[in-house]
Amino acid sequence: MIRAKSMEEVEGLIQNGKKTVFVFTADWCGDCRVLKPHYPTIEAHFPDWIFVELDRDEFMPLAQQWDIFGIPSFLVIENGKEIARFVDKNRKTKEQVIEFLEGC
């Protein structure tokens, strides 16, 4: 998983044309820490996709722009457009995330 460091990097990933999953998280988020060890398994199910971790606190303007109010949250972009979102304040399981992504 790529850990984005700048808005310029994020903008390039949005426009890359590939299915890209932006994962909003934060180090202080307990639900995020529970899910994080499962990221390699989740990514393995979708080898042609790009997964990008965004610290919600570092990218607050983007989180606000994309209406990310709870974390962890997942936003799927393809060809510069949002195609799906799994955004809420509830804890997510590995199985729920995989099921969501399979529907994209």
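Our subject is the structure that appears above.
Read on for an overview of the structure. Just so you know, these numbers come straight off a predicted model, no measurement behind them.

**As for the overall build of the protein**
Stage number 1. On a plain count of helices and strands, the protein comes out with five helices and five strands.
Stage number 2. Reading the helices (α) and strands (β) of the protein from amino to carboxyl end gives β-α-β-α-α-β-α-β-β-α.
Stage number 3. A compact globule built from 104 residues should have a C-alpha radius of gyration of about 13 Å, and the protein, at 12 Å, falls within 12% of that.
Stage number 4. Across its three principal directions, the C-alpha atoms of the protein cover 30 × 30 × 20 Å.
Stage number 5. Across the 104 residues in the protein, those meeting the buried criterion constitute 46%.
Stage number 6. Put simply, of all contacts in the protein between residues at least 6 apart along the chain, 69% involve residues at least 24 apart.
Stage number 7. Only carbon and sulfur atoms are counted for the fraction: they give 50% of the accessible area of the protein, which is about 5,700 Å².

**Details of the sheet that holds strand β4 (residues 73–78)**
Stage number 1. With mixed pairing, the five strands of this open sheet are ordered in space as β1-β3-β2-β4-β5. The two strands at the open ends of the sheet, each matched to only one other strand, are β1 (2–3) and β5 (81–86).
Stage number 2. Pairing between β1 and strand β3 (residues 50–55): two bridges, direction parallel. Directly across from Arg-3, in β3, lies its bridge partner Glu-53.
Stage number 3. Against the sheet, helix α5 (residues 94–102) makes contact with β2 (20–25), β3, β4 and β5, and its axis sits at roughly 150° relative to β5, the strand it touches most.

**Some thoughts on the environment of Phe-86**
Stage number 1. Within the secondary structure, Phe-86 sits in strand β5.
Stage number 2. Sequence separation between Phe-86 and Phe-74 is twelve residues, and the spatial gap between their C-alpha atoms is 5.0 Å.
Stage number 3. Those residues within four positions of Phe-86 in sequence are excluded, and the remaining contacts are Ser-73, Phe-74, Lys-92, Gln-96, Val-97 and Phe-100.

**Structural notes on the pattern of salt bridges**
Stage number 1. Per the counting criterion, the structure on display carries nine salt bridges.
Stage number 2. In this structure, Lys-92 and Asp-88 form a salt bridge, with 2.8 Å as the shortest nitrogen-oxygen distance.
Stage number 3. Three or more residues joined by partner-sharing salt bridges are found here, namely Arg-3, Lys-36, Glu-53, Asp-55 and Glu-58.

**As for the packing of aromatic side chains**
The way to describe two aromatic rings as a pair is by their centre distance and the angle between their planes.
Stage number 1. For the structure on display, the rule yields five aromatic pairs.
Stage number 2. Ring geometry for Phe-24 versus Trp-66: centroids 6.0 Å apart, planes at 85°, classification edge-to-face. Of this pair, Phe-24 sits in strand β2 while Trp-66 sits in the loop between α4 (60–65) and β4, and the two are 42 residues apart along the sequence. In terms of burial, Phe-24 and Trp-66 fall into one category: buried.

Cut-offs applied
- Residues numbered from 1 in each chain as written.
- Predicted model: local features only at pLDDT ≥ 70, side-chain atom pairs only at ≥ 80, totals over all residues.
- Heavy atoms only, no water.
- Helix = DSSP H or I, 4+ residues; strand = E, 2+ residues; numbered from the N terminus.
- Rg over C-alpha atoms; globule rule 2.2 N^0.38 Å.
- Buried < 20%, exposed > 50% of the residue type's maximum accessible area, 1.4 Å probe, protein only.
- Contact = heavy atoms within 4.5 Å.
- Areas by Shrake-Rupley, 256 points an atom, 1.4 Å probe, with all protein chains shown as cover.
- Pairing = 2+ DSSP bridges.
- Axes fitted to C-alpha atoms, helices over the stretch in contact; angles between N-to-C directions.
- Salt bridge = Lys/Arg side-chain N within 4 Å of Asp/Glu carboxyl O.
- Phe/Tyr/Trp six-rings, centres within 6.5 Å; stacked < 30°, edge-to-face > 60°.

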